[in-house]
Amino acid sequence: MKEYWTSLASLLGVLAFCQSLLQTVFPPELRFAFVKLFNKIFHWFSSYYYFDITEIDGVNTNELYNAVQLYLSSTVSISGSRLSLTRALNSSAITFGLSNNDCMVDAFNGVTVLWEHVVTQRQSQTFSWRPLPEEKRGFTLRIKKKDKYVILNSYLDFIMDKANEIRRKNQDRLLYTNSRGGSLDSRGHPWESVPFKHPSTFDTLAMDPKVKKEIMDDLRDFANGQAFYQNTGRAWKRGYLLYGPPGTGKSSMIAAMANFLGYDIYDLELTEVHTNSELRKLLMKTSSKSIIVIEDIDCSINLTNRKKNNGGGGGGASARTYYDSMEMRGGGGGVSVPGEEGGGGNSITLSGLLNFTDGLWSCCGSERIFVFTTNHIEKLDPALLRSGRMDMHIFMSHCSYPALKILLKNYLGYEEGDLDEEIGKEFEGVLEKAGMTPADVSEVLIKNRRDKGNAVRELLEALKARAEKNNAGGGSREKVNGGHDLEEEEEEEEQEKRALESPKEEGCDFVEDNKKGDEKDPKEDNEIIEK
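Residues numbered from 1 in each chain as written. Predicted model: local features only at pLDDT ≥ 70, side-chain atom pairs only at ≥ 80, totals over all residues. Heavy atoms only, no water.

- Going by the annotation in an unreviewed UniProt entry, the name recorded for the chain is AAA-ATPase At5g57480, with Prunus mume given as the source organism.
- Under Catalytic activity (unreviewed entry), UniProt gives the following word-for-word description of the chain: "ATP + H2O = ADP + phosphate + H(+)".
- Here the chain is described in UniProt, under the heading Cofactor (unreviewed entry), as follows: "Mg(2+)". (UniProt positions renumbered as here; feature names shortened; annotations may be inferred.)

### Structural notes on the overall build of the chain
- Of regular secondary structure, the chain possesses 20 helices and 17 strands.
- Taken over 531 residues, the chain has a buried fraction of 38%.
- Residue pairs at least 24 apart in sequence account for 67% of intrachain contacts in the chain once pairs closer than 6 positions are excluded.
- As displayed, the chain has an accessible area near 31100 Å², and 53% of this comes from carbon and sulfur atoms. (Helix = DSSP H or I, 4+ residues; strand = E, 2+ residues; numbered from the N terminus. Buried < 20%, exposed > 50% of the residue type's maximum accessible area, 1.4 Å probe, protein only. Contact = heavy atoms within 4.5 Å. Areas by Shrake-Rupley, 256 points an atom, 1.4 Å probe, with all protein chains shown as cover.)

### Things to note about the sheet that holds strand E1 (residues 48–54)
- Taken in spatial order, the four strands line up as E1-E8-E7-E6 in an open sheet, and their pairing is antiparallel. At either end of the open sheet lies a strand with only one pairing partner, and these are E1 and strand E6 (103–108). Adjacent strand axes in the sheet meet at a mean angle of 25° when their direction is disregarded.
- Packed onto the sheet, helix H4 (residues 148–170) meets E1, E6, strand E7 (111–121) and strand E8 (135–144) and runs at close to 70° relative to E7. (Pairing = 2+ DSSP bridges. Axes fitted to C-alpha atoms, helices over the stretch in contact; angles between N-to-C directions.)

### Digging into the packing of helix H15 (residues 421–434) against helix H17 (residues 452–472)
- At a closest axis distance of 8 Å, the pairing of H15 and H17 adopts a crossing angle of 35°. For the pair H15 and H17, the crossing hand works out as left-handed. Residues Ile 423, Glu 426, Phe 427, Val 430, Leu 431, Lys 433 and Ala 434 of H15 touch H17, and the partners they reach there are Val 456, Leu 459, Leu 460, Leu 463, Lys 464, Arg 466, Ala 467 and Asn 470.
- Tallied by class, residues from the contact of H15 with H17 come to ten nonpolar, one polar and four charged. (Left-handed = near helix turned anticlockwise from the far one by under 90°. Nonpolar A, V, L, I, M, F, W, Y, C, P; charged D, E, K, R; others polar.)

### What about the pattern of salt bridges?
- Taken as a whole and judged by the stated rule, the model has six salt bridges.
- Arg 238 serves as the salt-bridge partner of Asp 218, at 2.7 Å between the closest nitrogen and oxygen. One end of the pair, Asp 218, is in helix H5 (residues 209–223); the other, Arg 238, is in strand E11 (residues 237–243), and 20 residues separate them in sequence.
- Residue Asp 218 is classed as buried on the basis of its relative accessible area of 17%.
- The exposure class of Arg 238 is buried, given its relative accessible area of 17%.
- Here Lys 464 makes a salt bridge to Glu 426, at a shortest N to O gap of 3.1 Å. With Lys 464 in helix H17 and Glu 426 in helix H15, the pair connects residues that are 38 residues apart, well separated along the chain.
- For Glu 426, a relative accessible area of 34% puts it in the partly exposed group. (Salt bridge = Lys/Arg side-chain N within 4 Å of Asp/Glu carboxyl O.)

### What to know about the pairing of strand E13 (residues 290–294)
- The buried fraction of E13 is high, at five of five residues.
- Alignment of strand E12 (residues 264–267) against E13, held across four bridges, turns out to be parallel. Across the sheet, the residue bridging to Ile 265 is Ile 291, located in E13.
- Between the parallel elements E12 and E13, the chain passes through helix H8 (residues 276–284) in a crossover that is right-handed.
- Pairing geometry for E13 and strand E16 (residues 368–374), over five bridges, is parallel. Bridge pairing in E16 places Ser 290 opposite Arg 368. (Right-handed = clockwise from strand over helix to strand, strands pointing away.)

### Considering the side chain of Thr 373
- Here Thr 373 shows up in strand E16.
- A relative accessible area of 2% places Thr 373 in the buried class.
- What Thr 373 contacts, discounting residues up to four positions off in sequence, is Leu 242, Lys 250, Ile 254, Ile 294, Glu 295, Asp 296 and Ile 297.

### What to know about a nonpolar patch on the surface
- A surface patch of nonpolar side chains, about 580 Å² in accessible area, is lined by Phe 17, Leu 21, Leu 22, Val 25, Phe 26 and Leu 30.
- Note that Phe 17 resides in helix H1 (residues 2–25).
- The exposure class assigned to Phe 17 is exposed, which follows from its relative accessible area of 56%. (Patch = residues over 30% accessible without salt bridge, like charges linked within 9 Å, V, L, I, M, F, W, Y side chains within 5 Å.)

### A short note on the packing of aromatic side chains
- Scanning the entire structure with this criterion turns up 16 aromatic pairs.
- Ring centres of Tyr 65 and Phe 139 lie 5.1 Å apart, and the angle between their planes is 40°; this geometry places the pair in the tilted category. You can see Tyr 65 sitting in helix H3 (residues 63–75) and its partner Phe 139 sitting in strand E8, a full 74 residues away along the chain.
- The class of Phe 139 is buried, set by a relative accessible area of 2%.
- Pairing Phe 108 with Tyr 155 gives two aromatic rings, centres 5.1 Å apart and planes at 45°, and the pair type is tilted. (Phe/Tyr/Trp six-rings, centres within 6.5 Å; stacked < 30°, edge-to-face > 60°.)

Here is the structure:
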């Protein structure tokens, strides 16, 4: 045993002497050239290419490294022997990743690639204005030489798009609103945000399943239609108009759209925007993959139907006089706020809003959805309703039988076939006559949700009582196929809401405006009130 250790020590001594001799005879430059030549010969006969993706490219973070890390976290198997767990800032999901110096195989369009997460210790740093991490991290991609162009031209772009999609789904969605008076926050942005936690989805939305499927297909085609919009020369945006009586689920529809696509929501309050230039600046500060919402568009700004207002007869002449005077004061069909600095000269015009939705400024960004809501579609100008601005008109109607079944499932847990057939026929026969909104039906179910049987009975009685009331009053005043006029109670409630929300707006309540315009001609005021 002693002789064995002696021989080993002698062998190590000889190796150390040879190493010193080689370093003396062969300078470092020659050794480097030899290693380089060996690598070239090795790669010449090798059938693979190797690409290194480091975490830090010089002094900047490599976005491709972050994208690869996030992409591999969605494909790596949870049953692996060793995985790294991460949770990003503002994220609600935990992602899995490769551990240090671990490998995994991925496939793309029939091409197999090998990823290796390489982590090495960084050499001790001298003085540096930006300290680097102690570990040097990176990914090594091994591909076959014949697959080089497929991987470089398509695979890496696919990884970037996939990573952006995963990042968007993992992050908490935000609900933005424009600051009061166009003021900027600490970061110089005109939008203020809060986390968006609305639970509405298309599964829980009380609506005809066929209509919901059409909307979902349209949204899916829009989100996946980048190549289509580029090839056709159209801006990557789409407009939706939600109209119908109050309580039919317009806001829930917007929340379901945002949850379905994973988009942020920008709730634009037009009464806080003074000029068209401010409106354009707000649009420029919105991000891609977002939904821009303007609710109750007929109350926010005067966008009334010009053809209807300019019709024949004596009333039409007075209407033209009124709108002409308003355009001179407010800048052409806009809404002016009296009592503010500038004598009410600040205004948003119809032209400015049209350019906002379908003009050159609407192309500053991509993958945006514009959603307008209104209770009175007949009051909107046809220029705003045409295709290209409002591409899809969605009528949110009173509660139908398919929508009722969804509400019974949401609030009472009724599945298909649980409801008695005779009761179902009674519901189906009385729903159209009752004209109750999904909000009214939901309220009855919420009050009696502890007792399913009592909830169904109470709802059926409420529907019958509403139907009898409508029949006694000469039928429901709502026209499903036309103007969608509300009942008197709903109309009064809506007018009170408008007066409280925007008491200074000229476009919403003419009488309120006339009461405040002391400097106007009393005769002109009387003519407008009589009209």
